[in-house]
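Examining the three-dimensional arrangement
So the chains spell out like this:
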Amino acid sequence: MTDAWEVDPAYENYIGRWSRLVAPQFLRWLAAGPGGAWCDVGCGTGALSHTVLRTADPARVVGVEPSAPFAAAARAGADDPRFEVRPGTAEAIPAADGEFDRVVSGLVLNFVPHPVEGLAEMRRVTRAGGTVAGYVWDYADGMQMIRVFWDAARELDATAATLDEGARFPLCRPQPLRDALSTAGFTEVAVHPLDVPTVFAGFDDFWRPFLGGQGPAPGYCTSLPAGRRTALHDLLDTRLPRDDAGRIALTARAWAFRGSVPA
Ligand SMILES: C[S@@+](CC[C@H](N)C(=O)[O-])C[C@H]1O[C@@H](n2cnc3c(N)ncnc32)[C@H](O)[C@@H]1O
């Protein structure tokens, strides 16, 4: 099963709407001054790029994205002459050495087959003294929406254990992130938790995005035969707590990371 990143509305409903909540917190933590050339690696539909444009006063922002439909959505979402999107990947960023002051990346590093190589490539396109930073979900614990999904899936299906992103992405914890950044040659390495509310209007609002096929958990969900998908639906439906208004109020934790390129 591959991790599909193709359909914009489905992605926005599943993850984009929550990444758009993490991005402003991440930028506050980064506390970068105005101006500068930014690169957003794996910009997707533009959750982070658009927030940089709106809140960080950049001189320019280059999004890099392998998925053509996502790149088109990112462009369409920001009518801003400071913004361009280039096709490319973290392993081969289409940019000159030292082109950027800040290279950022939201919810991408764990999908890069060799994260340290991806970080080293981000370092290549960042000027000396510049910053590489990003965030990934805490799949193993604090990203509750995905955590409760896999916990239920694993109860019903032993094969889900190997697909569970908490198991698949051990990188997404503080010490492995610090180690990866240090190995890739960064100094002043830091990792910090970012927590956002993920409030669903009701069970349908929680469940429907898992039917969109975008990313590992929805990819697994849509691959199930109808009867087993219904069993998973029903287990989650009985398990998830509602508040008085019928909402499912969860939280999502991302680990933000940063490192400096040695002068
Ligand atoms: C979870 S989405 C995050 C998108 C966006 N940054 C956000 O925060 O909403 C993961 C993104 O990583 C991209 N991606 C997957 N493999 C990649 C790679 N090797 N290099 C760069 N981007 C990659 C996908 O196409 C997708 O846009």
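Residues numbered from 1 in each chain as written. Predicted model: local features only at pLDDT ≥ 70, side-chain atom pairs only at ≥ 80, totals over all residues. Heavy atoms only, no water.

The number of helices and strands found in the protein is 11 helices and seven strands. Compactness check: the protein gives a C-alpha radius of gyration of 18 Å against a globular reference of 18 Å for 263 residues, within 12% of the reference. Structurally, the protein occupies a C-alpha span of about 55 × 40 × 35 Å along its principal axes. Taken across its 263 residues, the protein has 53% of its residues classed as buried. Put simply, of all contacts in the protein between residues at least 6 apart along the chain, 75% involve residues at least 24 apart. When the accessible surface of the protein is split by element, carbon and sulfur atoms take 54% of a total near 10700 Å². Where the 25 positive side-chain charges of the protein centre and where its 32 negative ones centre are 3 Å apart. (Helix = DSSP H or I, 4+ residues; strand = E, 2+ residues; numbered from the N terminus. Rg over C-alpha atoms; globule rule 2.2 N^0.38 Å. Buried < 20%, exposed > 50% of the residue type's maximum accessible area, 1.4 Å probe, protein only. Contact = heavy atoms within 4.5 Å. Areas by Shrake-Rupley, 256 points an atom, 1.4 Å probe, with all protein chains shown as cover. Lys, Arg positive; Asp, Glu negative; His and termini not counted. Charge placed at Lys NZ, Arg CZ, Asp CG, Glu CD.)

With their axes 10 Å apart at the nearest point, helix H5 (residues 144-156) and helix H11 (residues 226-239) run at an angle of 125° to one another. By the criterion of interaxial angle, the relationship of H5 to H11 is oblique. Seen from above, H5 lies across H11 with right-handed handedness. Contacts between H5 and H11 pair Val148, Phe149, Ala152, Ala153, Glu155 and Leu156 from the former with Ala231, Leu232, Leu235, Leu236 and Arg239 from the latter. Tallied by class, the residues present in the contact of H5 with H11 amount to nine nonpolar, no polar and two charged. (Axes fitted to C-alpha atoms, helices over the stretch in contact; angles between N-to-C directions. Parallel < 35°, antiparallel > 145°, perpendicular 65-115°, else oblique. Left-handed = near helix turned anticlockwise from the far one by under 90°. Nonpolar A, V, L, I, M, F, W, Y, C, P; charged D, E, K, R; others polar.)

This next bit is on the nonpolar core. In summary, soluble globular proteins display a tendency toward joint burial of nonpolar side chains. Among the nonpolar cores identified, the biggest contains 87 residues, and Phe26, Leu119, Trp137, Met145, Phe149 and Phe206 are the most heavily contacted of them. With 10 residues, helix H1 (residues 8-30) is the single largest residue contributor to this core. Excluding residues within four positions of it along the chain, Phe149 makes contact with Trp207, Phe210, Ala217, Tyr220, Cys221, Leu232 and Leu236. (Core = buried A, V, L, I, M, F, W, Y, C linked by side-chain atoms within 4.5 Å.)

This paragraph deals with the site of the ligand. Around the ligand, the structure places 17 residues, and the nearest of them are Tyr11, Ser19, Gly42, Glu65 and Gly106. Between Tyr11 and the ligand, the recorded distance is 2.6 Å, taken from a side-chain N or O atom to an oxygen atom. Taking Ser19, its side chain carries an N or O atom lying 2.6 Å from an oxygen atom of the ligand. With the chains in place, 94% of the 590 Å² that the ligand exposes on its own is no longer accessible. (Near = heavy atom within 4 Å. Polar contact = N/O pair within 3.5 Å; in protein donor to acceptor, adjacent residues only side chain to side chain.)

Turning our eyes to something else, we now look at helix H4 (residues 115-124). Three or four residues apart is the spacing at which side chains of an α-helix point the same way, because the helix has 3.6 residues per turn. Within the span of H4, buried status applies to Gly118, Leu119, Glu121 and Met122. Considered in projection along H4, the buried side chains sweep an arc of 160° and stay on one side of the axis. Taken together, the buried residues of H4 touch strand E1 (37-41), strand E4 (100-106), strand E5 (126-137), helix H8 (174-183) and strand E7 (248-260). (Arc of directions from axis to C-beta.)

Another point: the UniProt feature "domain: Methyltransferase type" (unreviewed entry) in the protein. UniProt marks residues 40-132 with the feature "domain: Methyltransferase type" (unreviewed entry), using the numbering shown here. As annotated, residues 40-132 has a helix share of 30% and a strand share of 29%, and its two end C-alpha atoms lie 10 Å apart. (UniProt positions renumbered as here; feature names shortened; annotations may be inferred.)

On to H11. Here H11 contains 14 residues, and its C-alpha end-to-end distance of 20 Å stays within 8% of the 20 Å for a straight helix at 1.5 Å per residue. Residues of H11 that are buried include every one of Leu232, Leu235 and Leu236, and no others. The arc enclosing the buried residues of H11, seen along the axis, measures out at 95°, which places them on a common side. The exposed residues of H11 that point more than 90 degrees off its buried face are Ala226, Gly227 and Thr238. (Expected span 1.5 Å × (residues − 1).)

Mapping His114 onto the fold places it in the loop between E4 and H4. For the pair His114 and Asp237, spaced 123 residues apart in sequence, the C-alpha to C-alpha distance is 37 Å.

As enumerated under the stated definition, the model contains 16 aromatic pairs in all. Summarising the aromatic geometry, the rings of Trp150 and Tyr220 are spaced 5.3 Å apart at their centres and angled 45° between planes, so their arrangement reads as tilted. Of this pair, Trp150 sits in helix H5 while Tyr220 is found in helix H10 (residues 216-223), placing the two residues 70 residues apart along the sequence. Under the relative-accessibility criterion, Trp150 is labelled buried at 0%. A residue is classified by how much of its surface remains accessible, and Tyr220, at 4% relative accessible area, is buried. (Phe/Tyr/Trp six-rings, centres within 6.5 Å; stacked < 30°, edge-to-face > 60°.)

The next subject is the pairing of strand E3 (residues 83-87). Both strand E2 (residues 60-65) and E3 contribute to a ladder of five bridges, which runs parallel. The residue of E3 that forms the bridge with Glu65 is Pro87. A crossover connection joins E2 to the parallel E3 through helix H3 (residues 68-76); in handedness this β-α-β unit is right-handed. (Pairing = 2+ DSSP bridges. Right-handed = clockwise from strand over helix to strand, strands pointing away.)

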